[in-house]
Amino acid sequence: MYKIIGLTCLLFISVSCHEKVVPPPEPYGAIPSKRQMKWHQMEMYAFLHFTTNTFTDKEWGYGDEPESVFNPTDFDADQIIGTLREAGFKGAILTAKHHDGFCLWPSAYTEHSVKNSPWKDGKGDVVKEISDACRTYQMKFGVYLSPWDRNYAGYGQPEYITYYRNQLQELLTNYGNIFEVWWDGANGGDGYYGGARETRKIDRSSYYQWDKLIPLVRELQPGACIFSDAGPDIRWVGNENGFAKDSCWETYTPLPAKGETKAVAGTTQWQIGETGTQNGKFWMPAEADVSIRPGWFYHPAENDKVKSLEELVEIYFHSVGNGASLNLNVPPDRTGRINPVDSTRLMEFHAWLKEAFDDNLLRNAKVEASATRGESEFYDVRNTVDDDLDTYWATNDDEKSGTIVFQLPGKETFNCFMAQEYIPLGQRVSEFSVDVWQNGEWKTVTNGSTIGYKKLVRFPMVTAEKVRLTIDNAMACPVISETGLFLLPGVR
Ligand code: FUL
Ligand code: CA
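Residues numbered from 1 in each chain as written. Chains lettered and ligands numbered in written order. Predicted model: local features only at pLDDT ≥ 70, side-chain atom pairs only at ≥ 80, totals over all residues. Heavy atoms only, no water.

**Student:** Quick rundown of the coordination of the calcium ion (ligand 2)? Include the residues and the values.
**Tutor:** Tetrahedral metal sites with four donors have an ideal angle of 109.5 degrees; octahedral sites with six donors have ideal angles of 90 or 180 degrees. Coordination sphere of the calcium ion (ligand 2), protein contribution only: Asn383 (O), Asp386 (OD), Asp388 (O), Thr391 (O), Thr391 (OG1), Ser481 (O) and Glu482 (OE), at 2.2 to 2.7 Å. We note that the donor set of the calcium ion (ligand 2) lies within a single chain, spaced as N-x2-D-x1-D-x2-T-x89-S-E. With Asp388 in the loop between β13 (366-369) and β14 (393-394) and Ser481 in strand β19 (residues 479-486), this residue pair connects regions lying 93 residues apart in the sequence. (Donors = N, O, S within 2.8 Å, 3.2 Å for Na, K, Ca; no water. Helix = DSSP H or I, 4+ residues; strand = E, 2+ residues; numbered from the N terminus.)

In structure tokens:
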């Protein structure tokens, strides 16, 4: 007993000595918050676009759809969330209210909701069933609440802002923990507006009073990340194809669009979201949202247009592989379930990812670095292959480049390299390359710029026994937490 305590003390002393002698690098630039750290590790979650549009075959309902059209024949939240979970998704974001204003929960503030639909005799609550299923399947739950509301008579007036706040309050208090609140940039225009049937313009920068809505979300759901083209936690990637640029910074300085004075949700130069901003003011990583079908909502005519496995794989490498997250929309059909065409494709996608990434060829490699921070074991390069995001390799403060050589136990064939920075210390690497040892010399197989939370690079299949990662340039000494080497299966 004493011995154990003594040993623990000794270990403690030696670890704290190390820490004292060789302090960790100072964080560089903007760094992630706790809620952003959790969000990064999700990597992949699903969007669920579902409302009256599902039944009227529209993408943007005008707001005059009778509640009676919302009538899924076999709604099954367990099937929806269970399927997503089986396909490797870590959460789901539901369109609690889309632009048409129809609420998937029985909001106390409007009659335009499930409570006046024939579904479950008006006693149903899609938000509750989906959020409950998320808890059952250990999935995180998020909400989309459209700022634009084409049904509400008072849209465009200050009273709508109270209405919007009230609805946000309902969603953020009655349905358990929320991981993401999704604010859409599409705003204003024509609509039903309680029968007025007219076009309404709002001042995008001031109307919604975002600076008052953000504290409301923080108060009610401190763990929730807020998404919009202006963040504050997660930025829109700036396109709906699921593609971030290969050079993609987790940091971002939103800029006002032409003619706008402020950069708030709906008023930014959102195109810059694809690359982010090197040395940007805020840690504001990109979310790539894209639909598995041409439209965001289910349309029977698009059953044969579900994205191919090859398209999904491309999306994965351009989103998750570029340090962004993937929010893949899988719209429930008119039965209120994920359509078999989509679920089959999701299972193929999951199987492909498993085959691709289950076997990290670096796991048993001998690893050697050009230098180690203070020669300390604490920052040893083996930390890059221990499957632990909290341990990392680092160099001394003045060393802004460096190499890691991986000696594999034997010859291996591969075509993909993975690297992850230890982002609690900021995004630091700006140039890297990967080489293989062939015929007595190093041959570069690929190079790139950003790494961030995660970088996946592909290159033509090559066979070698030795691989090298070179950090050619970093804004502060590199801190690398994980690396990987993979042989990707072919895609039909
Ligand atoms: C857009 C919306 O207008 C689409 O209908 C969809 O919800 C997409 C995710 O965002 O801005
Ligand atoms: Ca590690």
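**Student:** Explain the pattern of salt bridges residue by residue, including any values.
**Tutor:** Under the defined criterion, the tally for this structure stands at 23 salt bridges. Note that Asp64 is salt-bridged to Arg197, the shortest N-O span being 3.1 Å. Here the residue Asp64 occupies a position in the loop between α3 (53-56) and α4 (77-86), and Arg197 occupies one in the loop between β5 (189-191) and β6 (198-200), the gap between them amounting to 133 residues. Owing to a relative accessible area of 30%, Asp64 belongs among the partly exposed residues under this scheme. On the basis of relative accessible area, Arg197 is assigned to the partly exposed category, the value being 45%. Among the salt bridges present, the one from Glu129 reaches Lys120, with a minimum N-O distance of 2.6 Å. Given a relative accessible area of 25%, Glu129 falls into the partly exposed group. We classify Lys120 as partly exposed; its relative accessible area is 42%. The structure contains a network of salt bridges with shared partners spanning Arg35, Arg218 and Asp233. (Salt bridge = Lys/Arg side-chain N within 4 Å of Asp/Glu carboxyl O. Buried < 20%, exposed > 50% of the residue type's maximum accessible area, 1.4 Å probe, protein only.)

**Student:** If you had to explain the packing of α4 against helix α9 (residues 340-357) to someone new, which residues and values would you point to?
**Tutor:** Viewed as axis vectors pointing N to C, α4 and α9 meet at an angle of 25 degrees, and their least axial separation amounts to 9 Å. Regarding the angle of α4 to α9, the classification is roughly parallel. Judged by residue contacts, Thr83, Leu84 and Glu86 of α4 engage Ser343, Leu346, Met347 and His350 from α9. Of the residues belonging to the contact of α4 with α9, the class tally is 3 nonpolar, 3 polar and 1 charged. (Axes fitted to C-alpha atoms, helices over the stretch in contact; angles between N-to-C directions. Parallel < 35°, antiparallel > 145°, perpendicular 65-115°, else oblique. Contact = heavy atoms within 4.5 Å. Nonpolar A, V, L, I, M, F, W, Y, C, P; charged D, E, K, R; others polar.)

**Student:** Any details on the domain arrangement of the protein? Residues and values, ideally.
**Tutor:** The domains assigned to the protein are domain 1 (15-29 + 360-486) and domain 2 (34-357). Distance from the C-alpha centre of domain 1 to the C-alpha centre of domain 2: 36 Å. Listed as interface residues are 20 residues of domain 1 and, on the opposing side, 24 residues of domain 2. Here domain 1 meets domain 2 over a buried area of about 1800 Å², counting both sides, of which 58% is carbon and sulfur. When residues of domain 1 are sorted by the area they lose upon contact with domain 2, Tyr453, Leu456 and Arg458 head the list and together hold 33% of the total. Our count for the contact surface shared by domain 1 and domain 2 stands at 2 salt bridges. A salt bridge links Lys454 to Glu43; its shortest N-O distance comes to 3.2 Å. The tally of links from domain 1 across to domain 2 stands at 13 residue pairs in polar contact (both at pLDDT 80 or more). In terms of residue count, strand β18 (residues 455-474) provides more of the side of domain 1 that touches domain 2 than any other element does, 3 residues in total. Here the side of domain 1 that touches domain 2 is composed, by residue class, of 10 nonpolar, 7 polar and 3 charged. (Domains from an automatic or database assignment. Buried area = accessible area lost by both parts, 1.4 Å probe. Polar contact = N/O pair within 3.5 Å; in protein donor to acceptor, adjacent residues only side chain to side chain.)

**Student:** Any chance you could break down the environment of Asp184 for me, citing the residues and the numbers?
**Tutor:** Structurally, Asp184 can be placed in the loop between β4 (180-182) and β5. Asp184 sits 82 residues away from Gly266 along the chain, and the two C-alpha atoms are 7.5 Å apart. Apart from residues no more than four positions distant in its own chain, Asp184 is found in contact with His99, Tyr144 and Pro147.

**Student:** Which residues make up helix α5 (residues 126-136), and what values do they have?
**Tutor:** Among the residues of α5, those classed as buried are Val126, Val127, Ile130, Ser131, Ala133 and Cys134. Down the axis of α5, the sector holding all buried residues measures 160 degrees, keeping them to one side. As for α5, its buried residues are in contact with β1 (44-48), α4, β2 (91-97), β3 (140-145) and α6 (158-174). A side-chain oxygen of the first residue of α5 lies 3.1 Å from the backbone nitrogen of Val127; this N-cap is Asp125. (Arc of directions from axis to C-beta.)

**Student:** Can you break down the packing of aromatic side chains residue by residue, with the values?
**Tutor:** Each aromatic ring pair is summarised here by two numbers: the centre-to-centre distance and the angle between the ring planes. Per the stated rule, a full pass over the model turns up 38 aromatic pairs. Centroid distance Tyr160 to Tyr207: 6.5 Å. Interplanar angle 10 degrees. Geometry classified as stacked. Taken together, the residues span a long stretch of sequence, with Tyr160 in helix α6 and Tyr207 in the loop between β6 and α7 (210-220) at a distance of 47 residues. Of the two residues, Tyr160 and Tyr207, both sit in the buried class. Aromatic side chains Tyr316 and Phe317 sit 5.9 Å apart centroid to centroid with 85 degrees between the ring planes, which places their arrangement in the edge-to-face category. Phe317 shares its class with Tyr316; the two are buried. Taken together, the aromatic side chains of Tyr152, Tyr155, Tyr160, Tyr163, Tyr164, Trp183, Tyr193, Tyr207, Tyr208 and Trp210 make up a single cluster linked through ring pairs. Sitting over the ring of Tyr252, Arg235 keeps its end group 4.9 Å from the ring centre. Against the face of Trp437 rests Lys466, its NZ or CZ located 4.6 Å from the ring centre. (Phe/Tyr/Trp six-rings, centres within 6.5 Å; stacked < 30°, edge-to-face > 60°. Lys NZ or Arg CZ within 6 Å of the ring centre and 35° of its normal.)

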